[in-house]
Amino acid sequence: MTSRPPMAVPQRQPQRTLSGSGLSQSPTHQRTLSQQYLPQSPIRKSDTFSEQASDLGDVAQNRYNTLPRRGGSRLKLELANDGIEHPGFSESPQNLDALSANKVFTPSRVMSMNDVSDAGDMTPRTSRCQTADDDSVPLPMPPLRTRLVVPAKRPEPSTTTTTSTPPKKDARPKPFVLETPSIAPRYPNMGKPEPAGKTRTKDTARASTDLCVGFADFYPWNGQHPEDQFTDSIIRHGYFDKAPAQSTQEPASAKTPLFPAMKHKNGLHTLSSLFTTILNQRRHSGQITSASTFKPPPRVTLTDTKREIWLKDLANPAISLRRLSRTIPHGIRGKVLLEQCLNKNVPTDRAVWLAKCVGANEIRAFKRKGVNGTFVMGGEAKWIRDWTVFVEQFVESVTNAFHESEWKTKVTYAIRLATHLYAEHLLDRDHYMDWLVSGLENSNHAKLPLWLLIIHIYWKDILKLRRHGRRLVNAILSHHSSIYYHPDRDILLPLATRLQALVESLLITSPENFICPATWLKYRDCLAEISGANNNESRSRALKAIDLRNDYLTSSNAKSQPALRSIVVQLLDSIYRTPHDDAITRQLWKTSENKPSIVRTILEWCTSLYRPGVAKVYIAATLLRSSTEFDIDITRTVLEFLDADPLQETARKHLVYHLVSELARSGHFLIPQYIQWLIARGGLLDASQTAPDGPCITRLLVEIPIHSLNESMRNLRATLLRRARFSVEDEAQDIAMAISCVKGTLSIPLGPDDIPAQKPMSLKKLSRRLELSSRSLKTTISSWLSNDFVGGFAQNLQSGKGGMELPKTMFETIRTLLESAEDFTMLENVLKMSAPCSSTELLACCTDTVNLHLPVFTATGAAKPLFQLLYDRLKVTLEQQGVGARPLLASLADLASRLTGLGLEDVSAQLQNDLVRLDRSSAADASSPLSDNMATQLQDVETELSEQIEKLATYSSADKRTMEHLFYAIAKRLQTYWGKKDERQRLCCILLMRLRVFDIHHFGELMRDWVQHIRRLPNRRPISELFPPLFSSGCLSLPILFSTATRSRVQATQVPRTTGYASIYMQEILQMLMTPFSPSPIMTSEDCYRFRIIQDRARRDHAKELMPLIRDALAEYSESRNQQALIEQPLEDEQTKDRLLELFRDLVLVDPSAASRVVSLKSPEPKLAALIERWTTKLLVPHGGGGQKSFEQVLELANEFTLPFCQVKLSLNLALDESSGPEASERVHSQFELLSKALDNAIDANNIMWTGMLPSLTPDITQHMRNRAESRFLDIIPSLKNPPDETLRHKDIHMAENLLTVIDSIFRGGSGSRVSPLSSALVDKLADLWDILASRANEYASLRSAVLSHWLPLLFSYLTLYTSPSASAVDASKLPLAGGEARGRALIVLAGLVQELDNHPSSNLGQRAFDIALALVDSLSEEARLLCVRAVKDTTADPRLKYLFSYAPNPAEDFMLAHRDKQPTGIQERRAMAMGMSMIPERLTPFLFRRWEILNEPTPNVGENDTSLSLTLFDARKIK
């Protein structure tokens, strides 16, 4: 332990005797004031060093036989009094925690019991108080003393307590010694040495330890003292130790001249001035002016043994550091130093002292090399960085060695030592904090508690800096989320609780560190779940505030109504494509706070003709039902929509009727409210209002579901309809006739109240009529089929009366009728009521129904419950029927593979494995359902093939040669029956299916080769008569078909091209995938239904394969028309053209970018390009003519719903203009100009709906459009140099909003926009707005108001484009240097705006500017950050900016040294300087504070000014 407080002031060298002599060594210098306040280090006994003899040698005695005093000041002796305790001296705490590293090291003066100092009472007592790092402890002032005092008697210390045995009596003769009287007055000797020749006896040695060691004018008579000699001079003038000079002798009394002056009124002032002058003169005469002679303790080369001894002495607190500073051994540095301190258990403050000594010498070594200052500073920084790495490795190695003994003690020591080094700024703090955060990020769950414990020590420092605080929060959130979703969360509950407490604390105390869009989007849901479970209001508010701040940086800030509608439509299309993702629905409702506008957009999307299919109706119904959470009146919203939009198209009207009927069934559309609304508008007055082509708002009364109305509502409805001359009786009769026809189709006997039909009606004809009927009739028929008919079968089964199950053929009829009525709600009820049946064929039909209409059932939320219900039935039927359950198993396996996103992946894999295992265990029966007499129907070759397959089933593995023989034999027979509608064709498909079981992979290769062979046949039957049965039986799959339906570039250019039916293969495949099939001898109704599922899967799951197929089919069609072939072209059929148009519309909605790339490819066939142009135009304008559309026409047609088709059309127009000739560059330039002009015209016309298609264009076009829009946007922003015109202000603001929407659409479009750095023009405009806000002129008052309300929010919205996760993830090092400088300038301007906007607290722009700066600074390069720090650190002390730029100023960096140009000469100047009033001009220069050289007891030799901080800085003076 050290013996001095950390003021870096050297102490007086204690007097020692020369080795081997008894002469005392006199002091060589005078004590300074600072030395008077600091006790010296006691010299302890040592058995190691040779200085022991000199430390404890004999001393010479003075004339009074008293021992010479030890070195020390008068103040030191006075501090030994009982009444004075110095708070600067304290015991070192035994349990020093890591947080005490910032305290001053004040260890106690520990002495061993057997080392009794001869200093006696001179040792000062230890203080009972501690000093803190930030507290300034005042220096103790000595009390006033009297010149002559009579000390009180002190009791002699008892010797019984110090030793157990009495000391041995000294029997040697003693000389006579005159004893000093006890009442003699004593005085302190003021640190003066004893006169030479005076000795002190052993009996008076004790008295030398008292405070007063001198006696006033008392010299015992011995006859030899000069005072004992009586001379005339002594008798006249008295005795003097030193005769005074003649000029200073006082021959007479001074009373006579001084007394009158004292009586004068100015006498006191004169006396005070006199004494002040004397004190000033004394101060200046004793002031230290010599330069500092400080040098760090030198290092010497020692042997290993001596080095170990030195280290052990360092670990011993009783050994003075001043003695150890003589021989600091070489070779102890870096990690070795730390490990030696750990192994020797060196006290922490002594270990820090050693580190400072080594570090100071290492750093000074760079200065001795004679190089320039830059190299010295770089070398010093590198050494400190290396030293920091050593400390990090030391702490990490100790913490990882958990298997060692005393691990906890070592870890505590290592953490404490590192904390002390950190607190004294002896480490590279930035590198050290980076290491701490990296360790936490990469820590596993086992080491996480220790890392949290270590980081908690530096918690506040880390959170004050953006660079490290954001990473710390990210790491804690990552660990918290991983543990929260961990399957063994209960085991990690203590750690999870600790992390939860940390996260909750950070949410409230440090919300800025959560402002990171990428991190927040990743962990927001986890935090929201926990916050909702805890119900803590303050944390919930903090979480919501952080969520809003991050949402501002991520979401599109072009919050105009068209932009909102476009976003909602895109989300609705995403729900249509991926209906299993619930996150899209939540995101939809979070798009805007204006929920009615979202509901209106949902209604427009549902009734749009550009969105085909009936699934959108059920998606819209589900979303509208969920809108009740936001207190949306659905009935009123629907009526307002119908009142505003006339809906001229009949198809759109039917969609509205369908949607309203679904909402009315669930009670969300209130029919009484609708009737009341009609009555309030005057009711119905004309028959045209209820006609099928009448207004939708009044025709809706006819179309509403009647079965859901009560009797009073039916009567009221009938009354209103009769006023419009609508016959309600005829409507009831039509419904009754329809029910009778349905009964006839189902072969159900008619009741007495039923209307008999004229003749039985086929199912196909009845379905067609049902499709053309009103919605009211459809819902009534559907309700009767579901509730009355099928419900009766279900009740009989549940009652246990032994009722008959629903037959499979009757179920198929009911399914067909409900599909024709498009009433899938009732179809869902039928499926649920049919599930308890035991027929596997019926259950397989139910599964296929769910599979075909999967988008609808997913939209209603019934897909997973229906699958689970049928899966439970499969488990029962497998136990009961075994192999007979294969049809249900095959259907469920196919359905499970499509239920992605519902957590059924494991179930799907299990079903596929069960199907393969079941087929292999019973290969003879593994096929689609066969009749019992199938074996008898096989004749000749079929019977032989069947026997060979059954024989093959007896082997565990199939022989490929045998499989090939059987495959080609069956394929040959299949080609024989091709086109003859022979049932044996279906039987061949069954044989192929049985053969496929043995080797699925090899069978696929054989099937692919055979399909290629079929394709090349010039003379054959249509493909539609061969492939559908193979698909239904499972022999042929879509991947095999698409792999053979490719048209290579060689095939497209070869001459002669394929002829015959081989030239229309693509068209045939495309026609087959679009055409519905009816039951035939080769395909049963189940096969036809299963093939419909395959067609639907091709549309939804194989869009990428279908798009090239469509293009190749159109190319074949173009070539065949050119050759005028006699073969009928499949695409010549009008129905096929209509189906192709619908198919292409579906594919464009699934993936518009892929569709654009396919139709935009360069083609050498002009006719093909013209054909594609005509088809794409028909997609965009269904009822218009074909032909090419210009850019302006395409942009005029663009809206939220036509956007994908405009995108395809625009891409096609751009591709048609491409060429590779010499005029290509000019044509491209002209193309850009035309498109730019069209875009400008659209923006001026307030048409910005087309912006969504821009990201899908080529990068060059997108970048060109973006640069043009950005240039126009920045030119509109005002400045003080170019103030805007007041009359055009609103127009400019509206134009800026439109341009921002265009930029936003391009930037957030994904692949179409390239991430670019901030431009200098943008930063200049931001600075211009800052200048406007900073101006205080009255003429700019209106301009400042416009900037606060419009221009600054718009520019901030533009800046958020660079804060999105995709833009923030770009590596700053990859950006150009100019981009980094512009980003740095933007951050400086934003920092200024943050402070300037504090003057406008009513707006929230200050926080937005700060959040944008936080997001931008995360990707700022290190060089640019340091430049920003230099720019702002000397101008402001705002803690927000310190956090933003991650700089913590070192307290020692701001020290300044004052220099006086001249010394005070006049008495007034000196007096003012003495009073602290400096009137002399001073010059300030930076003061370099070397922390490594702040050493207590640096060297064994004490000089006048050898402290690390020069004493001249404190105007220190010597005490004489």
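Conventions used here
Residues numbered from 1 in each chain as written. Predicted model: local features only at pLDDT ≥ 70, side-chain atom pairs only at ≥ 80, totals over all residues. Heavy atoms only, no water. Helix = DSSP H or I, 4+ residues; strand = E, 2+ residues; numbered from the N terminus. Buried < 20%, exposed > 50% of the residue type's maximum accessible area, 1.4 Å probe, protein only. Contact = heavy atoms within 4.5 Å. Areas by Shrake-Rupley, 256 points an atom, 1.4 Å probe, with all protein chains shown as cover. Phe/Tyr/Trp six-rings, centres within 6.5 Å; stacked < 30°, edge-to-face > 60°. Lys NZ or Arg CZ within 6 Å of the ring centre and 35° of its normal. Core = buried A, V, L, I, M, F, W, Y, C linked by side-chain atoms within 4.5 Å. Patch = residues over 30% accessible without salt bridge, like charges linked within 9 Å, V, L, I, M, F, W, Y side chains within 5 Å. Salt bridge = Lys/Arg side-chain N within 4 Å of Asp/Glu carboxyl O. Lys, Arg positive; Asp, Glu negative; His and termini not counted. Charge placed at Lys NZ, Arg CZ, Asp CG, Glu CD. Axes fitted to C-alpha atoms, helices over the stretch in contact; angles between N-to-C directions. Parallel < 35°, antiparallel > 145°, perpendicular 65-115°, else oblique. Left-handed = near helix turned anticlockwise from the far one by under 90°. Nonpolar A, V, L, I, M, F, W, Y, C, P; charged D, E, K, R; others polar. pLDDT = per-residue confidence, 0-100. Disulfide = S-S within 2.5 Å. Polar contact = N/O pair within 3.5 Å; in protein donor to acceptor, adjacent residues only side chain to side chain.

Q: Tell me about the overall build of the protein, and name the residues and values.
A: Looking only at helices and strands, one finds 65 helices and six strands in the protein. Counting every position in the protein, which comprises 1520 residues, the buried fraction comes to 48%. Restricting to contacts in the protein with at least 6 residues of sequence separation, those with at least 24 account for 77%. Carbon and sulfur atoms make up 54% of the accessible area of the protein, which amounts to about 76000 Å² in all.

Q: Outline the packing of aromatic side chains, listing residues and values.
A: Evaluated as defined, the whole model comprises 23 aromatic pairs. Between Trp-383 and Trp-1492, the aromatic rings sit 5.2 Å apart at their centres with planes inclined by 80 degrees, giving edge-to-face as the arrangement. With Trp-383 in helix H11 (residues 373–400) and Trp-1492 in the segment after strand E6 (1482–1486), this residue pair connects regions lying 1109 residues apart in the sequence. Look at Trp-383 and you get buried, because its relative accessible area is 12%. Using a relative accessible area of 7% as the deciding quantity, one classes Trp-1492 as buried. Measuring from centroid to centroid gives 5.3 Å for Phe-789 and Phe-793, while their planes differ by 75 degrees, and the two rings are edge-to-face. Residue Phe-789 and its partner Phe-793 are both found in helix H31 (residues 775–799); the two are separated by four residues, about one turn of the helix. Here Phe-789 matches Phe-793 in class, with each residue buried. The ring of Tyr-422 carries Arg-429 above its face, with NZ or CZ at 4.0 Å from the centroid.

Q: Break down the environment of Leu-869 for me, with residues and values.
A: In this fold, Leu-869 is placed in helix H36 (residues 863–881). Taking the relative accessible area as the measure of exposure, Leu-869 reaches 32% and is therefore partly exposed. Considered as a pair, Leu-869 and Leu-831 are 38 residues apart in the sequence and their alpha carbons are 9.8 Å apart. If we skip the residues at most four places from it in the chain, Leu-869 touches Lys-832 and Ala-835.

Q: Could you give an account of the nonpolar core, naming the residues involved and the relevant values?
A: One finds Trp-1010, Phe-1027, Phe-1273 and Phe-1356 to be the most contacted residues of the largest nonpolar core, which totals 356 residues. Setting aside residues up to four positions removed in sequence, Phe-1027 forms contacts with Trp-1010, Val-1011, Ile-1014, Leu-1036, Leu-1041, Tyr-1065, Ile-1069 and Met-1072.

Q: Pulling in residues and values, what's your account of a positive patch on the surface?
A: A grouping of Lys-759, Lys-764, Lys-765, Arg-768 and Arg-769 is seen on the molecular surface, where their side chains present a positively charged patch. Residue position: Arg-769 is located in helix H30 (residues 763–771).

Q: So what's going on with a nonpolar patch on the surface? Residues and values would help.
A: Taken together, the side chains of Leu-274, Phe-275 and Ile-278 present a nonpolar region at the surface, about 300 Å² in accessible area. Within the secondary structure layout, Leu-274 lies in helix H6 (residues 267–286).

Q: Please set out the packing of helix H22 (residues 595–606) against helix H24 (residues 634–644) residue by residue, giving values where relevant.
A: Relative to each other, H22 and H24 sit at 60 degrees, their axes nearing to 10 Å. Considering the angle they form, H22 stands oblique to H24. By crossing handedness, the relation of H22 to H24 is classed as right-handed. In this structure, H22 uses Val-599, Arg-600, Leu-603 and Glu-604 to contact H24, whose residues at the interface are Thr-637, Val-638, Glu-640, Phe-641 and Ala-644. A breakdown of the residues in the contact of H22 with H24 according to their chemical character gives five nonpolar, one polar and three charged.

Q: Could you give an account of the pattern of salt bridges, naming the residues involved and the relevant values?
A: Enumeration according to the criterion identifies 58 salt bridges in this entry. Residue Asp-1418 pairs with Arg-470 through a salt bridge whose shortest N-O separation is 3.2 Å. In this pair, Asp-1418 sits in the loop between helix H62 (1405–1417) and helix H63 (1422–1432) while Arg-470 sits in helix H16 (residues 466–484), placing the two residues 948 residues apart along the sequence. Close ionic contact of Asp-1146 with Arg-1099 constitutes a salt bridge, the shortest N to O distance being 2.7 Å. With a gap of 47 residues between them, Asp-1146 in helix H50 (residues 1134–1150) and Arg-1099 in helix H48 (residues 1085–1101) connect regions that are remote in the sequence. Here Asp-1146 falls in the buried class, since its relative accessible area comes to 18%. The class for Arg-1099 is partly exposed, based on a relative accessible area of 22%. Here the salt bridges share partners, and the residues they tie into one network are Asp-430, Arg-467, Glu-1422 and Arg-1425.

Q: Could you give an account of the confidence of the model for the protein, naming the residues involved and the relevant values?
A: The predicted model of the protein has a mean per-residue pLDDT of 77, with 74% of residues at 70 or higher. Every residue in residues 191–212 scores below 50 in pLDDT, and together they form 63 contacts with partners more than four places removed in sequence or on other chains. Of the regions scoring below 50 in pLDDT, residues 924–941 engages in 26 contacts with residues more than four places distant in sequence or in other chains.

Q: Outline the state of the cysteines, listing residues and values.
A: Counted according to the given criterion, the structure contains zero disulfides. As a non-bridged cysteine, Cys-988 has Cys-989 as the owner of its nearest cysteine sulfur, 7.0 Å distant.

Q: For a negative patch on the surface, give the residues involved together with the corresponding values.
A: On the surface, Glu-1128, Glu-1132, Asp-1133 and Asp-1138 cluster together into a patch of negative charge. By secondary structure assignment, the location of Asp-1133 is in the loop between helix H49 (1103–1123) and H50. Asp-1133 gets classed as partly exposed once you look at its relative accessible area, which sits at 34%.

Q: Can you tell me about the packing of helix H14 (residues 448–457) against helix H17 (residues 493–509), naming the residues and giving the values?
A: The N-to-C vectors of H14 and H17 enclose an angle of 30 degrees; their axes lie 11 Å apart at closest approach. The orientation of H14 with respect to H17, classified from their angle, is roughly parallel. Once H14 is placed against H17, the crossing between them reads as left-handed. On H17, the residues touching Leu-448, Pro-449, Leu-452 and His-456 of H14 are Leu-495, Arg-498, Leu-499 and Leu-502. Considering only residue class, the contact of H14 with H17 consists of six nonpolar, one polar and one charged.

Q: I'd like a description of the environment of Val-1150, backed by residues and values.
A: Relative to the elements of secondary structure, Val-1150 occurs in helix H50. Placed 576 residues apart in sequence, Val-1150 and Ser-574 show a C-alpha to C-alpha distance of 8.7 Å. With near-sequence residues (within four places) excluded, Val-1150 lies in contact with Arg-577 and Ala-1103.

Q: Lay out unusual backbone geometry in plain terms, naming residues and giving numbers.
A: The phi dihedral of Asn-345 is positive, around 55 degrees, even though this residue is not glycine. Tracing the backbone through its elements, the reader meets Asn-345 in the loop between helix H9 (334–344) and helix H10 (348–367). One non-glycine residue, Ser-1446, lies in the positive phi region at around 60 degrees. Topologically, Ser-1446 is positioned in the loop between helix H64 (1439–1445) and strand E5 (1456–1460).

Q: Now, about the side chain of Asn-513: what can you tell me, with residues and values included?
A: With respect to the secondary-structure elements, Asn-513 resides in the loop between H17 and helix H18 (517–534). One polar contact links the side chain of Asn-513 to the main-chain amide nitrogen of Arg-470, over a distance of 3.3 Å. A distance of 2.8 Å separates the side chain of Asn-513 from the side chain of Tyr-1443, its partner in a polar contact.

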